[in-house]
Structures are given as C-alpha cells and as structure tokens.
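# A closer look at the structure
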Amino acid sequence: MQLEKFIGLGVAGNFAGHLEQAGEAADFVKVQTAEAIQPKAIFPFYVPCKNLAESDRFLAHYPLSHDTINFPKDADNLQIEPEVALICDIEYQDSKVVALKPTHFAAYNDCSIRRPNARKICEKKNWGDNSKGISATQIALDKFEQGGNLDQYHIACFHKRNGKLTEYGIDSPTVGYSYFHQKLLDWIIDRMNNQPDQDPMSNISDLLALANYPTKAIISIGATRYTDFGEQNFLQIGDTSIVVVYNAKRYSHDQIIDMAEKEVFEEGISALIQAVR
C-alpha cells in the first residue's frame, strides 16, 4: 500500500475516560454531542497536498513509521496512544463523502505531544518524520459489522525502558469502542462533510478538496485507557513503544506479554514496535 497517498484522520474521544487521562477533556468543553458516549471530533494528522494554508502546512509532511518514533524538539511529555487504524476506501458524490469502506485494520500509535494550549488537536499530532506509527502487518477485514473478524481482537500496549517491560495501556477489546461498526462510519462521514473549523476542530471537507479528493484513508479510531503507569509516564529517547492488536480467541494476554518481552510476534498478529530516537 502506498500510504503516502492516503489522507490520515483520527477520532478523538472514542474510548471512555481516555481524554480525561490525557488531560485533553477541557479542549472539548464547547463541542456539542448528540449523546454522552459520542466521540468529540475527527482530526487530520496527514494531508497529501502541497497547497495547504501556511498554518496547516505541517500536515503535508508524511509522519508514519513502522519502527521509529522521532523525539520532538522542545517536548518532554510525549505519550503512546494505542489504537486500531482502519484502512478505508472513500467514495464521493458531488464533492461530498457518501461512503467509507474499511478493507484492512492494523495496530496504530497516535503518538501525541501533550500541549494543553494547542489551538487545534492536529497540532499535537504531526511534528515531521516518524511522528506516529502503523504496523506493517495490516489484516484484511471480512466485514466491519457485528460478527466480523475485528470483533475478536484486543488492543494491548507496552513500554520498555532499559530492558524492563511495563504495561502502558489497559488491554481492551475492540468492541469496547464507544462508536464502532456502521455507527462509527456514519458519524465519521458526517464529520468529514460537516465539521466546522472551530475551537479544536478542523474543517475536513476543505482539506479533502485541497488534496483533490483522495480515495483512500487511514483512520485511527481512538486510543484506549492508560494504566496508572501509562498515565503518569512519558516517553524518553531510548525507550521502546509496543502496540499490539491480537485475536483474543487465539492468544491469552500472558502470551502477548511474553512476545512483547522478546519483541517477536507470531504471524497474524498486528504488532507495532517503535524505538524512540
């Protein structure tokens, strides 16, 4: 897959409690939602376009890596964000998104700088090469609806420093997302077409037009809750970040821990191992 041609979008607030743990709930105080569990917004982390406004030009820099996180300058509060990413086909009609069709999923690290005073969500997300991560193992979806293969998967996250492995995210089933399946897709489509450039939000419709309506997207669908360690500890140069999306009907959590210790995962597991440099 030529991911450099895909638009990159993320979902904010799709796992109960994550925004509060990340210190970001206050960013969304003015954002109105139809129900309490509804995600707050979508945000761009990569736009394949050379003609962005100066304030958005950083989004044109491709940020994804399979194995590295570049430690940003002037930041000491960098956190792993363990997620599932969906690889989607986008369909348009009259310059509006009318359908999203997920084809694959993968482990994803929406690595973020905690900037309490950031103007937009996206300003925490892309600081150049190797800002975020997606596993090279992208698993085909049989269907993105109840009973599909993704429903059997869990998201685990680990942090390694000086050889010591610690759980960073709470092992969570994908079906624990607040919005999932078609309900999630319908909401994302609405936000792609109608989200205003307001408060922490960006106007996605304008970005799609500037990028000449890309037909593929990488959409990270929300970070899980942190363990106490993950909430309180930030990345340092020399650390290793590990995000694992695994079939919980085939593997136990203890087996995943053992693989994470060795940094070797069996075929069929979408694992993302990134060295912080």
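Everything here concerns the structure above.
Residues numbered from 1 in each chain as written. Predicted model: local features only at pLDDT ≥ 70, side-chain atom pairs only at ≥ 80, totals over all residues. Heavy atoms only, no water.

## A few points about the overall build of the protein chain
- Of regular secondary structure, the protein chain possesses five helices and 15 strands.
- Taking 277 residues into account, the globule formula puts the C-alpha radius of gyration at 19 Å, and the protein chain, at 17 Å, falls close to it.
- Its C-alpha atoms put the protein chain at 50 × 45 × 35 Å along the principal axes.
- With 277 residues in all, the protein chain has 56% of them scored as buried.
- In the protein chain, 77% of the contacts between residues at least 6 apart in sequence involve partners at least 24 apart.
- Just so you have it, the protein chain exposes about 11900 Å², and 45% of that area is on carbon and sulfur atoms.
- A distance of 2 Å separates the average location of the 27 positive side-chain charges in the protein chain from that of its 37 negative side-chain charges. (Helix = DSSP H or I, 4+ residues; strand = E, 2+ residues; numbered from the N terminus. Rg over C-alpha atoms; globule rule 2.2 N^0.38 Å. Buried < 20%, exposed > 50% of the residue type's maximum accessible area, 1.4 Å probe, protein only. Contact = heavy atoms within 4.5 Å. Areas by Shrake-Rupley, 256 points an atom, 1.4 Å probe, with all protein chains shown as cover. Lys, Arg positive; Asp, Glu negative; His and termini not counted. Charge placed at Lys NZ, Arg CZ, Asp CG, Glu CD.)

## A short note on the pattern of salt bridges
- On inspection of all chains with the given rule, the structure shows 13 salt bridges.
- We note a salt bridge from Glu81 to Arg114, for which the minimum N-O separation is 2.9 Å. A residue pair is termed long-range when its members are at least 10 positions apart, and Glu81 in the loop between strand E5 (78-79) and strand E6 (82-93) and Arg114 in the loop between strand E8 (112-113) and strand E9 (132-134) qualify at 33 residues.
- Residues Glu123 and Arg119 are paired through a salt bridge, measuring 3.1 Å at the closest nitrogen-oxygen approach. (Salt bridge = Lys/Arg side-chain N within 4 Å of Asp/Glu carboxyl O.)

## A few points about the packing of aromatic side chains
- Enumeration over the complete set of coordinates arrives at ten aromatic pairs.
- Centroid distance Phe45 to Tyr108: 5.8 Å. Interplanar angle 50°. Geometry classified as tilted. Of the two residues, Phe45 sits in strand E2 (residues 41-46) while Tyr108 sits in strand E7 (residues 96-109), which places them 63 residues apart along the sequence.
- Tyr108 gets classed as buried once you look at its relative accessible area, which sits at 0%.
- Here Phe144 and Phe180 contribute two aromatic rings whose centre-to-centre distance is 5.1 Å and whose plane-to-plane angle is 80°, an arrangement assigned as edge-to-face. In this pair, Phe144 sits in the loop between strand E10 (139-140) and strand E11 (153-161) while Phe180 sits in the loop between strand E12 (164-173) and helix H2 (181-194), placing the two residues 36 residues apart along the sequence.
- Accessibility expressed as a relative area gives 9% for Phe180, which makes it buried.
- Taken together, the aromatic side chains of Phe15, Phe144, Tyr177 and Phe180 make up a single cluster linked through ring pairs. (Phe/Tyr/Trp six-rings, centres within 6.5 Å; stacked < 30°, edge-to-face > 60°.)

## Structural notes on H2
- Helix length check: H2 (14 residues) gives 20 Å between terminal C-alpha atoms against 20 Å at 1.5 Å per residue, within 8%.
- Of all the positions in H2, only His181, Leu184, Leu185, Trp187, Ile188, Ile189, Arg191, Met192 and Asn193 are classed as buried.
- Residues of H2 that are buried in the fold lie against strand E1 (7-12), E2, E6, E7, helix H3 (204-210) and strand E13 (216-220). (Expected span 1.5 Å × (residues − 1).)

## A word on the side chain of Asn193
- Residue placement: Asn193 occurs in helix H2.
- A distance of 2.8 Å separates a polar atom in the side chain of Asn193 from the backbone nitrogen of Val97. (Polar contact = N/O pair within 3.5 Å; in protein donor to acceptor, adjacent residues only side chain to side chain.)

## Focus on empty space enclosed by the protein
- Enumeration over the complete set of coordinates arrives at one cavity of 30 Å³ or more.
- Considering only enclosed or pocket space, the largest cavity measures out at about 110 Å³ in volume.
- Of all elements in the fold, only E1 and helix H1 (18-21) reach the threshold of two or more residues within the lining of the largest cavity.
- Class assignment of the residues belonging to the lining of the largest cavity gives a composition of eight nonpolar, four polar and five charged. (1 Å grid on protein atoms, 1.4 Å probe; cavity = no way out; pocket = protein on both sides within 12 Å on 5 of 7 lines; lining within 4 Å. Points joined across faces, edges and corners; volume = space filled by probe spheres on them. Nonpolar A, V, L, I, M, F, W, Y, C, P; charged D, E, K, R; others polar.)

## Some remarks on the sheet that holds strand E15 (residues 270-276)
- Pairing is mixed in the open sheet, where five strands are placed in the order E4-E15-E14-E11-E12. Of all strands in the sheet, those with a lone pairing partner are strand E4 (68-69) and E12, marking the two edges.
- Of the strands in this sheet, E11, E12 and strand E14 (240-247) are in contact with helix H5 (residues 253-262), which crosses E11 at around 35°. (Pairing = 2+ DSSP bridges. Axes fitted to C-alpha atoms, helices over the stretch in contact; angles between N-to-C directions.)

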